[in-house]
Amino acid sequence: VRTTTSEQDYDLFHSPQRGDEERVSEQQRRRLSSRLPLRIHAHYAFGDAPTALANSIETLLLPRAIKGWQAALSVTRTTSPLTFSRHCNLSYTDFSNDAPDVCAAYDSPTTCGGVVVPRDWLKPQRFCKTCFGDGTCSDCETYAAGAGVKDADLALLVTARDNGACRSSPSTLAWAMPCQRDQNNRPVLGVVNFCPSAMNGGSGDAWERMQIATAQHEIAHALGFTGESLGLMRDGDTNAPRTARNEGTGRPAKSSRVCSDGSARSVESPDSTTTLEGPVNIRGYATGYRLKTPAIRAVARHHYNCSTLAGAELENQPTGDSLSACWGSHWEQRALNTELMSPVTDSRSVLSSFTLAFFEDTGWYEANYSRAEGLTWGLRKGCSFLEEKCIDRGSGSPLFGTDQGYFCTASGQKGCTADRLSKGACGMTEYDQALPVPFQYFSSNAAKGGVLEELDYCPYIRAYSNGDCDDSANAPATNDKNYYGQIHGKGSSCVEGSLMRKEYVATDKVKPMCF
């Protein structure tokens, strides 16, 4: 995940707003009682990470994020300690029969995302130095079993290193991945790495809370919110795979598919009828993808007020994993800006019913929808919000205007954000070269567009770094500087108006203000 340059404050897991609550079937509600709250065990391996950052991760960021996920998701708990397999890097294969391969050498140490897995977590595994054509082996030994990780459903390795992924993109705050899965493909071992250079780039309450959102986002990836997981999803009632499996590998069969970047690759393909729609044309982008599993489809139709919607869009722009992934591991920013699992995080990111529905549809988790936060982006805007471009190239008019906190056409144009929580301005820039054709919105200038490529280069109202209305620290320093009589603090919202204290002369007819 990466961050924007304008951060605003928010409360992690605030009370859900009624407009974003989604209906859950009675069958789903009954299943909630059959599973127990998720348990996450964090193992910290900071090495030479900055002490202040390491302390913050261990005492604040991870505990807050873990607490949130444990309240939001339930699982069928394992009764035994979690133990993990070593990776065999050399094996003997007996081609004369169907006997399993015999490992000759294991990686030492065993790693997950480059992080060493504690030996005490590993399974007992046999290896043999010599094997013969008749299937017999000699010089065999067995690694002793470790005690494993008790009372946990996910073991999480946590580090803070400026590794290649951090250095290649200075705005990247962190990355994460699942490493090993159980017999039903649910991740049981994962890694989260925070990038020290980026994580030390700010201060204040808004920055801190944005970091908590980052931790929450990355744990979601370790829990299975990844492109790879789509083909491994299961039906929550029957445990049957949503995508048919290869009998030999137990994984989805590979087939040729045109990926979101336009290249054709042989990839494990999720079922196009039950799980993943694509490639499809979305607002002129020919290789878009939508996740169309039942709970996600229901949430999307309700949220946008669009009864014909197939599902929820996945991100179509490169987001770190694109070199190996055929489709995104995030929601599409243009469709779900400010959702926790969109690729660009800010401190107004919310865990909505979309992400809870994703985890519900994996079949591995039950989602507690009462933990859903209110998502205002696109709420009840209808099918046109997703079908039409943000700026009409012919007329130059925005689909939903600045007065609604959405799209805009003049750089610096002032307004309130779509959630009415912050004052902001139109985020627009001119690039060094023409934008991709589907994202060219201005007939007079093909290089002109919004500042976020992940939002399909749509210019929109972005919050000022000090524009948060419910943060009293953003109020004018003294009353004589409060020209508009604004009120900042808990419960304040952004409105657009022309009010001004009578002793001053207004310079703007209408502007965003906090009350």
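Now for a quick tour of the structure.

Some words on the overall build of the protein
Part 1 of the argument: Along the backbone of the protein there are nine helices and 26 strands.
Part 2 of the argument: Over its C-alpha atoms the protein spans a radius of gyration of 25 Å, differing by no more than 12% from the 24 Å that the globule rule assigns to 515 residues.
Part 3 of the argument: When contacts within the protein are restricted to residue pairs at least 6 apart in sequence, long-range pairs at least 24 apart make up 62% of them.
Part 4 of the argument: Of the accessible surface of the protein, which amounts to about 22500 Å², a share of 49% is contributed by carbon and sulfur atoms.
Part 5 of the argument: Placing the 52 positive and 59 negative side-chain charges of the protein at their respective mean positions leaves the two points 4 Å apart.

A look at the sheet that holds strand 17 (residues 285–291)
Part 1 of the argument: Spatial strand order, 16-17-18: three strands in an open sheet with antiparallel pairing. The sheet is open, and its two borders are formed by strand 16 (276–282) and strand 18 (312–313), each paired with just one other strand.

Overview of unusual backbone geometry
Part 1 of the argument: Each neighbour pair has its own omega, and for S108 with P109 the value is 0 degrees, a cis peptide bond.
Part 2 of the argument: Along the polypeptide, P109 turns up in the loop between strand 6 (102–106) and strand 7 (111–112).
Part 3 of the argument: The linkage connecting G278 with the following residue, P279, adopts the cis geometry, with an omega of 0 degrees.
Part 4 of the argument: Mapped onto the elements of the fold, P279 is located in strand 16.
Part 5 of the argument: Even without glycine at this site, R283 takes up a positive phi of about 55 degrees.
Part 6 of the argument: A relative accessible area of 10% places R283 in the buried class.

Some thoughts on helix 6 (residues 294–304)
Part 1 of the argument: Taken together, the buried positions of helix 6 are A295, I296, V299, A300, H303 and Y304. Projected down its long axis, helix 6 carries its buried residues within an arc of 135 degrees, all on one side.
Part 2 of the argument: Two residues or fewer after helix 6 comes N305, characterised by a positive phi angle close to 60 degrees.

A short note on the state of the cysteines
Part 1 of the argument: With the rule as written, the count across this model stands at 11 disulfides.
Part 2 of the argument: Shown here is the disulfide that connects C112 with C179, its sulfur atoms set 1.9 Å apart. Disulfide C112-C179: the torsion about the S-S bond is 80 degrees, which places it as right-handed. Taken together, the residues C112 in strand 7 and C179 in strand 12 (residues 174–181) connect sequence positions 67 residues apart.
Part 3 of the argument: Relative accessible area serves as the criterion here: at 1%, C112 is assigned to the buried category.
Part 4 of the argument: In this structure C179 comes out as partly exposed when scored by relative accessible area, which is 28%.

Considerations on the packing of aromatic side chains
Part 1 of the argument: The final tally for this structure, using the stated rule, is 28 aromatic pairs.
Part 2 of the argument: Both rings, one in Y285 and one in F439, keep their centres 5.6 Å apart while their planes meet at 10 degrees; by these two values the pair is stacked. Taken together, the positions of Y285 in strand 17 and F439 in the loop between strand 22 (422–430) and strand 23 (448–450) put the pair 154 residues apart, joining distant regions of the chain.
Part 3 of the argument: Consider the rings of F439 and Y457, whose centres lie 5.8 Å apart with planes at 40 degrees: the pair is tilted.

Digging into helix 8 (residues 353–362)
Part 1 of the argument: In terms of burial, helix 8 is a largely internal element, 10 of the 10 residues being buried.
Part 2 of the argument: Those residues of helix 8 that fall on the buried side of the exposure criterion are S353, F354, T355, L356, A357, F358, F359, E360, D361 and T362.
Part 3 of the argument: One side-chain oxygen at the N-terminal end of helix 8 lies 3.1 Å from the backbone nitrogen of F354; it belongs to S352.
Part 4 of the argument: Where helix 8 ends, the next residue or the one after it, G363, has phi of about 85 degrees, a positive value.

With respect to the sheet that holds strand 2 (residues 36–37)
Part 1 of the argument: As summarised here, the arrangement of the three strands in space is 2-4-20, forming an open sheet in which the pairing is antiparallel. Among the strands making up the open sheet, the edge pair consists of strand 2 and strand 20 (366–367).
Part 2 of the argument: With two bridges connecting them, strand 2 and strand 4 (residues 73–75) associate as antiparallel partners. Looking at strand 4, one finds that L36 is bridged to V75.

Observations regarding the nonpolar core
Part 1 of the argument: If you look at the biggest cluster of nonpolar residues, it comprises 116 residues, and the most contacted ones within it are W69, L73, F84, F194, Y304, W331 and F407.
Part 2 of the argument: When residues no more than four places from it in sequence are discounted, the contact partners of F194 are I57, L62, V158, T159, A160, R161, L173, A174, M199 and A215.

Describing the packing of helix 2 (residues 51–72) against helix 5 (residues 204–223)
Part 1 of the argument: For the pair helix 2 and helix 5, interaxial distance at closest approach is 8 Å and the crossing angle is 55 degrees. With respect to their mutual orientation, helix 2 and helix 5 come out oblique. Helix-helix and strand crossings are classified by hand; for helix 2 and helix 5 the assignment is right-handed. Contacts between helix 2 and helix 5 involve L60, L61, L62, R64, A65, I66 and W69 on the former and, on the latter, E208, Q211, I212, A215, Q216, I219, A220 and L223.
Part 2 of the argument: Counted by class, the contact of helix 2 with helix 5 contains 11 nonpolar, two polar and two charged residues.

Considering the environment of A312
Part 1 of the argument: Examined against the element boundaries, A312 turns out to sit in strand 18.
Part 2 of the argument: Beyond its immediate chain neighbours, meaning those up to four positions away, A312 contacts Y289, R290, L291, I296, W331 and F354.

Notes on the pairing of strand 16
Part 1 of the argument: Across the seven residues that make up strand 16, a large majority, five, are buried.
Part 2 of the argument: Here strand 16 pairs with strand 17 via four bridges, running antiparallel. Each bridged residue has a counterpart across the sheet, and for E277 the counterpart in strand 17 is R290.
Part 3 of the argument: What sits between the antiparallel neighbours strand 16 and strand 17 is a turn of two residues, in which R283 has the positive phi angle 55 degrees.

The rules behind the values
Residues numbered from 1 in each chain as written. Predicted model: local features only at pLDDT ≥ 70, side-chain atom pairs only at ≥ 80, totals over all residues. Heavy atoms only, no water. Helix = DSSP H or I, 4+ residues; strand = E, 2+ residues; numbered from the N terminus. Rg over C-alpha atoms; globule rule 2.2 N^0.38 Å. Contact = heavy atoms within 4.5 Å. Areas by Shrake-Rupley, 256 points an atom, 1.4 Å probe, with all protein chains shown as cover. Lys, Arg positive; Asp, Glu negative; His and termini not counted. Charge placed at Lys NZ, Arg CZ, Asp CG, Glu CD. Pairing = 2+ DSSP bridges. Buried < 20%, exposed > 50% of the residue type's maximum accessible area, 1.4 Å probe, protein only. Arc of directions from axis to C-beta. Disulfide = S-S within 2.5 Å. Phe/Tyr/Trp six-rings, centres within 6.5 Å; stacked < 30°, edge-to-face > 60°. Polar contact = N/O pair within 3.5 Å; in protein donor to acceptor, adjacent residues only side chain to side chain. Core = buried A, V, L, I, M, F, W, Y, C linked by side-chain atoms within 4.5 Å. Axes fitted to C-alpha atoms, helices over the stretch in contact; angles between N-to-C directions. Parallel < 35°, antiparallel > 145°, perpendicular 65-115°, else oblique. Left-handed = near helix turned anticlockwise from the far one by under 90°. Nonpolar A, V, L, I, M, F, W, Y, C, P; charged D, E, K, R; others polar.

Note that all results are geometric; they support no functional claim without further evidence.
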